[in-house]
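# Structural overview for review
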Amino acid sequence: MPSAAGHGAIVMKARPRFLPREALQSLFEALAAGGYRCVGPQVRDGAIVYADLSDASALPVGFGARQAPGEYRLEERGDQRCFAWANGPQALKPLLFRPQEPLWQARRGADGRIQFESAAAPRERRAVISVRACDLAALALHDKHFLHKERDPWYAARRADLLLIAVDCSHPADTCFCVSTGDGPAVEGETDLALTELDRGFLVRAYTAEGAALRDALPLREATPEELDEAEAQIAQARQSQTRRMPDRNLRDALFANLDHPRWAEVAERCLSCGNCVAVCPTCFCHTERDLGALDGTASTHLRRWDSCFSAEHSYLHGRLLRPDTRTRYRQWLTHKLGGWHDQYGRSGCVGCGRCITWCPVGIDLTEEAAAVCAPSGEGPVP
Ligand code: SF4
Ligand code: SF4
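What comes next is a walk through the structure.

The rules behind the values
- Residues numbered from 1 in each chain as written.
- Chains lettered and ligands numbered in written order.
- Predicted model: local features only at pLDDT ≥ 70, side-chain atom pairs only at ≥ 80, totals over all residues.
- Pairing = 2+ DSSP bridges.
- Helix = DSSP H or I, 4+ residues; strand = E, 2+ residues; numbered from the N terminus.
- Near = placed C-beta within 6 Å.
- Nonpolar A, V, L, I, M, F, W, Y, C, P; charged D, E, K, R; others polar.
- Buried ≥ 20, exposed ≤ 12 C-beta atoms within 10 Å, placed from the backbone.
- Arc of directions from axis to C-beta.
- Contact = placed C-beta atoms within 7 Å.

Next up on the list: the pairing of strand S3 (residues 47–52). Here strand S2 (residues 37–44) runs beside S3; their pairing, made up of six bridges, is antiparallel. When the bridges of S3 are listed, Arg44 appears paired with Ala47. The antiparallel pairing of S2 with S3 creates a hairpin that spans two residues between the two strands, and Asp45 there sits at a positive phi of about 50°.

Below, the structure is given as structure tokens:
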């Protein structure tokens, strides 16, 4: 069974080796030979999304993506790069923690007795290509919750079957700020295999035994010192290109000390409570459970579905809504994400991917909101 770094895998670090661009298909062939269903980035409906992928030619070759608050546009780059773009709307989250799935089912037998059956997650070896550093950080947070805090069998089964092939981010979007959260743009472990895309090919490094086996099936050669320098310069450039950042201060204490700040009402004037930010966030995992009865009354399926702190029902308790308006819901989202997660998981719930900024229909930027709420009194927002 494949393993992925982060839960019991052998972690190894080796000198990167080089895969020529024209040999990239060999990676897909090696995955197919290993029995993996491969999921990777493709252009669909004007965005780069993860979907089943068996051929290198289906990668977003020559595409880039321009992102800004409330805006995402594909751009043609006019080159052969496959991974010269920052994350699209999806993270690993939907692959491991399904937007909706049955947990168990109750059935009435012929004798009238009711029987309960657990719905196990289907087992399937899956490899995901082009996972970015921010999403690996989010995955580590989900592992903390679903493997160690809750021991969720549906997540655990999919996680055990997952092989990770990460890619260093060479072209962060304007909305990215993973440098300031310490989560990117370079991949530094927590994956099976990692690639750095250069103009003529890819540096390949393995971090686990499964990653090493895959690497050894590829037609690699030694990387030249120039290629290693080029990779280093590319990552330095990617770091420098990020201008957005999370305020560098104790946001947990500052947020909880400012629960009555007027900024919460101001952001609520713009926020639509649509929950897009939560849906695209790689770390948010709030959900609800409900039963779906068969029309003939013989069976009922117990479903788990993604939910959001922006929905009214999410705060329904003992006959009343604890968070009746957008002001209290947005405040809940930000204070939990940037504050409460420190107490629950030992770090912020934000990995700096910027998706909530890009995919917010009104362009609300959580770094600006955190800076405004947490600015010391008498100061303007922290730049
Ligand atoms: S809060 Fe926003 S920037 Fe942070 S991890 Fe979630 S989607 Fe990404
Ligand atoms: S912050 Fe933006 S994406 Fe999130 S609920 Fe409000 S309007 Fe929707």
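Contacts to ligand 2 come from Cys271, Leu272, Ser273, Cys274, Gly275, Asn276, Cys277, Phe310, Cys360, Pro361, Val362 and Ile364. Here the shell around ligand 2 is built from residues that sort into nine nonpolar, three polar and no charged.

It is worth spelling out the pairing of strand S9 (residues 162–167) at this point. Burial analysis of S9 places six of its six residues in the buried class, which makes it a mostly covered element. Of the two faces of S9, the one holding Leu162, Leu164 and Ala166 and the one holding Leu163, Ile165 and Val167 are both buried throughout. As defined by bridge partners, strand S8 (residues 126–131) adjoins S9 across five bridges and the pair is classed as parallel. Following the sheet pairing, Ala127 is matched in S9 by Leu163. Here S9 runs beside strand S10 (residues 193–197); their pairing, made up of three bridges, is parallel. What sits directly across from Val167, in S10, is Leu195.

All buried positions along helix H1 (residues 25–33) are accounted for by Leu27, Phe28 and Leu31. Seen end-on, H1 carries its buried residues on one side only, within an arc spanning 95°. What points out from H1, more than 90 degrees from its buried face, is the exposed set Gln25 and Ala33. Along its buried surface, H1 packs onto S2 and S8.

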